[in-house]
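Structural overview for review
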Amino acid sequence: ATGFIGTGVINQTLSEYGMDDLAYTLLLQHDCPSWLYSVDQGATTIWERWDSVLPDGRISPEGMNSLNHYSYGSIEAWMYRDVCGIRPGEAGYRRAVIEPHVDARLKFAEGRLNTSAGLFKSGWEYADDGTVTYRVEVPFNAEAEFVLEGERRILPAGNYAFVHKEKSRQ
């Protein structure tokens, strides 16, 4: 249990220090406490408590059981920034940095971020042979710096697809 405050930064910190595998492992847990426990219980929103609904379907008697609460939803910031790789390159997103961190256990991800410069999209799909297809959309009058395994390329406005064989990821 990472707690209310820690849950907002732990995955971002793990990814920042090159430990994406641990960040994904934390995301993909099914036992309580975890994000997927609530999904397995039928949740379509984030709960206030890890165990707001018990395995037998009853509401936890502990109290504080909002079933639509942001508390543990802070994992989404990591999903946009690291899983899909969308982050600002300069103020106002006139330039974005797109640096997705993929993991074969998730298979695919797609994020859309509406900014003052327009809608950025970043997604990837992991094939069984280790090939990853990246898709990026950069809005009109903006650009993105696409980073893949340390290599950087500038993408002007437009739609892009890249196919890449992963070297050392999960």
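Presented here is a report on the structure given in the accompanying data block. None of these values were measured; they are calculated from a predicted model. (Residues numbered from 1 in each chain as written. Predicted model: local features only at pLDDT ≥ 70, side-chain atom pairs only at ≥ 80, totals over all residues. Heavy atoms only, no water.)

1. A few points about the overall build of the chain
Note the threshold: Numbering goes from the N terminus for both helices and strands, where a helix is a DSSP run of H or I of at least four residues and a strand is a run of E of at least two. Accessible area is worked out with a 1.4 Å probe on protein chains only. A residue is then buried under 20% of its type maximum, exposed over 50%, and partly exposed in between. Whether two residues are in contact is decided by their heavy atoms: any pair within 4.5 Å suffices. Counting rule for charge: Lys and Arg are taken as positive, Asp and Glu as negative, and neither His nor the chain ends is counted. For charged residues, the charge sits on one atom: NZ in Lys, CZ in Arg, CG in Asp, CD in Glu.
Across its full length, the chain carries five helices and six strands. Counting from the amino terminus, the chain carries its helices and strands in the arrangement α-α-α-α-α-β-β-β-β-β-β. Over its C-alpha atoms, taken along the principal directions, the chain stretches across nearly 55 × 40 × 25 Å. Of all 170 residues assigned to the chain, the portion counted as buried reaches 41%. Sequence-distant contacts in the chain: of pairs separated by 6 or more residues, those separated by 24 or more amount to 39%. The chain carries 16 positive and 24 negative side-chain charges, and their two centres are separated by 5 Å.

2. A word on the environment of Thr133
Its location among the elements puts Thr133 in strand β5 (residues 131–148). Here the alpha-carbon distance between Thr133 and Phe108, two residues 25 residues apart in the chain, equals 9.3 Å. What Thr133 contacts, discounting residues up to four positions off in sequence, is Gly123, Trp124, Glu125, Phe162 and Val163.

3. Here's the deal with the pattern of salt bridges
Applicable threshold: Note on definitions: salt bridges are taken to be side-chain nitrogens of Lys or Arg within 4 Å of carboxyl oxygens of Asp or Glu.
This structure, assessed with the given rule, holds nine salt bridges. Among the salt bridges present, the one from Glu143 reaches Arg95, with a minimum N-O distance of 3.1 Å. Remark: Arg95 occurs in strand β2 (residues 95–98) and Glu143 occurs in strand β5; sequence separation between them is 48 residues. When its relative accessible area of 23% is taken as the criterion, Arg95 is described as partly exposed.

4. Concerning the nonpolar core
The criterion, for reference: The nonpolar core is taken to be a set of buried Ala, Val, Leu, Ile, Met, Phe, Trp, Tyr and Cys residues, with the residues joined through side-chain atoms within 4.5 Å.
If you look at the biggest cluster of nonpolar residues, it comprises 32 residues, and the most contacted ones within it are Trp78, Ile98, Phe120, Trp124, Tyr134, Val138 and Phe146. At the level of secondary structure, the elements contributing two or more residues to this core comprise α3 (20–27), α5 (75–83), β2, β4 (118–126), β5 and β6 (151–165). With eight residues, the top contributor of residues to this core is β5. Those residues within four positions of Val138 in sequence are excluded, and the remaining contacts are Phe120, Glu143, Ala144, Leu155, Pro156, Ala157, Gly158 and Tyr160.

5. Quick look at α5
One turn of the α-helix equals 3.6 residues, which is why residues spaced by three or four share an orientation. The cut-off we apply is this: The arc in question is formed by the directions pointing from the helix axis toward the C-beta atoms.
Those residues of α5 that sit buried are Ile75, Trp78, Asp82 and Val83. Down the axis of α5, the buried side of the element spans an arc of 75 degrees, and every buried residue falls inside it. In this fold, the buried residues of α5 make contact with α2 (10–16), α3, α4 (35–40), β3 (108–115) and β4. Immediately beyond the C-terminal end of α5, within one or two residues, lies Gly85, with a positive phi of roughly 80 degrees.

6. Considerations on the packing of α3 against α5
We count it as follows: To obtain each axis, a line is fitted to C-alpha atoms, and for helices this fit is confined to the stretch in contact; angles are then taken between N-to-C directions over 0 to 180 degrees. Roughly parallel covers angles under 35 degrees, roughly antiparallel covers those over 145, roughly perpendicular covers 65 to 115, and oblique covers all other angles. In this scheme the handedness of a crossing depends on how the near helix is turned from the far one: anticlockwise by less than a right angle means left-handed, clockwise means right-handed.
Look at α3 against α5: their axes get within 12 Å of each other, and the N-to-C directions meet at 140 degrees. Regarding the angle of α3 to α5, the classification is oblique. The handedness of the crossing between α3 and α5 comes out as left-handed. Here Ala23, Tyr24 and Leu27 of α3 lie close against α5, whose contacting residues are Ile75, Trp78, Met79 and Val83.

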